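For reference, the chains in residue letters:
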Amino acid sequence: MTVQELRKIKLEKIADKATRWIGSTTSLVVHTIVFLLSFSLPFTRVISFEEMLLVLTTIVSLEAIYLSIFIQMSVNKNSQDIEIIQEDVGEIQEDIDEIQKDVDEIQEDIEEMEEEENDEELFDDTIIERKEASALAAIQSILVQLQVEIETLKHKQENVKN
């Protein structure tokens, strides 16, 4: 960092501290005490009332000028911070949009997998039905053969009896 940048950072820190202090209860108490002391000086005849007002007005005016500068510096810094945050929010929104697209794609994949699973179940059901039908046909064929053999045995038995 350059010397100028370091000075700028130091001045910004002073401005931040001054702005924070001015907005504090301690600042209110200190200013109240200074004003009370200032207004009491003419009564002790240390300084005339007009001179006290002149000095106090000058000090308060200078303080107001510096405070307005410090406050404006803080506002500018906050504005820069807000811009950075807005950029971050924009990037986060883009990331969220990409994630949403990914979620949508995953959802589509899940739906396709479910459809394929359903198709496979239908295919599996069809295979099972075919196997069952084939088994039933084989059983029927065996039953028909058994009936033929029973009929043959009955005829033989009747022939043996006669």
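Shown above is the structure to which this text applies.
Residues numbered from 1 in each chain as written. Predicted model: local features only at pLDDT ≥ 70, side-chain atom pairs only at ≥ 80, totals over all residues. Heavy atoms only, no water.

**Q** Just to check I follow, could you spell out the overall build of the chain for this structure?
**A** A tally of helices and strands in the chain yields three helices and zero strands. The N-to-C order of helical and strand elements in the chain reads α-α-α. Computed over its C-alpha atoms, the radius of gyration of the chain comes to 49 Å, more than 25% above the 15 Å expected for a compact globule of 162 residues. Going through the 162 residues of the chain one by one, you find that 7% of them count as buried. In the chain, once contacts between residues fewer than 6 apart in sequence are set aside, the share between residues at least 24 apart is 50%. When the accessible surface of the chain is split by element, carbon and sulfur atoms take 61% of a total near 14200 Å². For the chain, the separation between the mean place of its 14 positive charges and that of its 36 negative charges on side chains is 10 Å. (Helix = DSSP H or I, 4+ residues; strand = E, 2+ residues; numbered from the N terminus. Rg over C-alpha atoms; globule rule 2.2 N^0.38 Å. Buried < 20%, exposed > 50% of the residue type's maximum accessible area, 1.4 Å probe, protein only. Contact = heavy atoms within 4.5 Å. Areas by Shrake-Rupley, 256 points an atom, 1.4 Å probe, with all protein chains shown as cover. Lys, Arg positive; Asp, Glu negative; His and termini not counted. Charge placed at Lys NZ, Arg CZ, Asp CG, Glu CD.)

**Q** So what exactly am I meant to see when it comes to the pattern of salt bridges here?
**A** Opposite charge on two side chains permits them to pair, given that their charged atoms come into close proximity. In the structure shown here, the tally under the stated rule is one salt bridge. Between K77 and D81 there is a salt bridge, and its shortest N-O distance comes to 3.8 Å. Of this pair, K77 and D81 are both found in helix α3 (residues 49-161), four residues apart, which corresponds to roughly one turn of the helix. For K77, a relative accessible area of 32% puts it in the partly exposed group. Taking relative accessible area as the criterion, D81 reaches 33% and is therefore assigned partly exposed. (Salt bridge = Lys/Arg side-chain N within 4 Å of Asp/Glu carboxyl O.)

**Q** Mind showing me how you'd approach the side chain of S38 here?
**A** Looking at where S38 falls in the secondary structure, it is placed in helix α2 (residues 25-40). Among the polar contacts listed, one links the side chain of S38 to the backbone oxygen of V34, at a separation of 2.8 Å. Ignoring anything within four residues of it in the chain, the contact list for S38 reads M52 and L56. (Polar contact = N/O pair within 3.5 Å; in protein donor to acceptor, adjacent residues only side chain to side chain.)

**Q** Can you walk me through helix α1 (residues 3-22) in this structure?
**A** It helps to recall that an α-helix has 3.6 residues per turn; residues three or four apart then point in one direction. Its 20 residues give α1 an end-to-end C-alpha distance of 28 Å, which sits within 8% of 28 Å, the value for a rise of 1.5 Å per residue. Taken residue by residue, α1 has A15, D16 and A18 as its buried positions. Projection of α1 onto a plane perpendicular to its axis shows the buried side chains occupying an angular sector of 165°, all on one side. Away from the buried face of α1 by more than 90 degrees, exposed residues V3, K10, K13, K17 and R20 are located. (Expected span 1.5 Å × (residues − 1). Arc of directions from axis to C-beta.)

**Q** Help me out: how do you make sense of a nonpolar patch on the surface in this one?
**A** A cluster of nonpolar side chains, namely W21, V30, V34, F35, F39, F49, L53 and V60, defines an oily patch on the protein surface of about 610 Å² accessible area. Residue assignment for the nonpolar patch shows that the elements contributing at least two residues are α2 and α3. Here the nonpolar patch takes four residues from α2, the largest share from any one element. The residue F39 is located in helix α2 in this model. (Patch = residues over 30% accessible without salt bridge, like charges linked within 9 Å, V, L, I, M, F, W, Y side chains within 5 Å.)

**Q** Explain the packing of aromatic side chains here, please?
**A** Each aromatic ring pair is described using two quantities: the centre-to-centre distance and the angle formed by the ring planes. Summed over all chains, the structure comprises one aromatic pair. Ring centres of Y66 and F70 lie 6.4 Å apart, and the angle between their planes is 45°; on these two criteria the pair is classed as tilted. Separated by four residues within a single helix, Y66 and F70 lie in helix α3, roughly one turn from each other. (Phe/Tyr/Trp six-rings, centres within 6.5 Å; stacked < 30°, edge-to-face > 60°.)

**Q** Help me understand the environment of L143, please; the structure alone is not making it clear to me.
**A** Position of L143 among the secondary structure elements: in helix α3. Using a relative accessible area of 47% as the deciding quantity, one classes L143 as partly exposed. In sequence terms L143 and K17 are 126 residues apart; their C-alpha atoms lie 103 Å from each other.

**Q** Whenever I open this one, the side chain of D16 confuses me. Can you help?
**A** Relative to the assigned elements, D16 resides in helix α1. No salt bridge is formed by the buried D16; its nearest oppositely charged neighbour, K77, is found at 4.2 Å. Once residues within four sequence positions are removed from consideration, D16 is found in contact with S74 and K77.

Read these as geometric descriptors, not functional statements.
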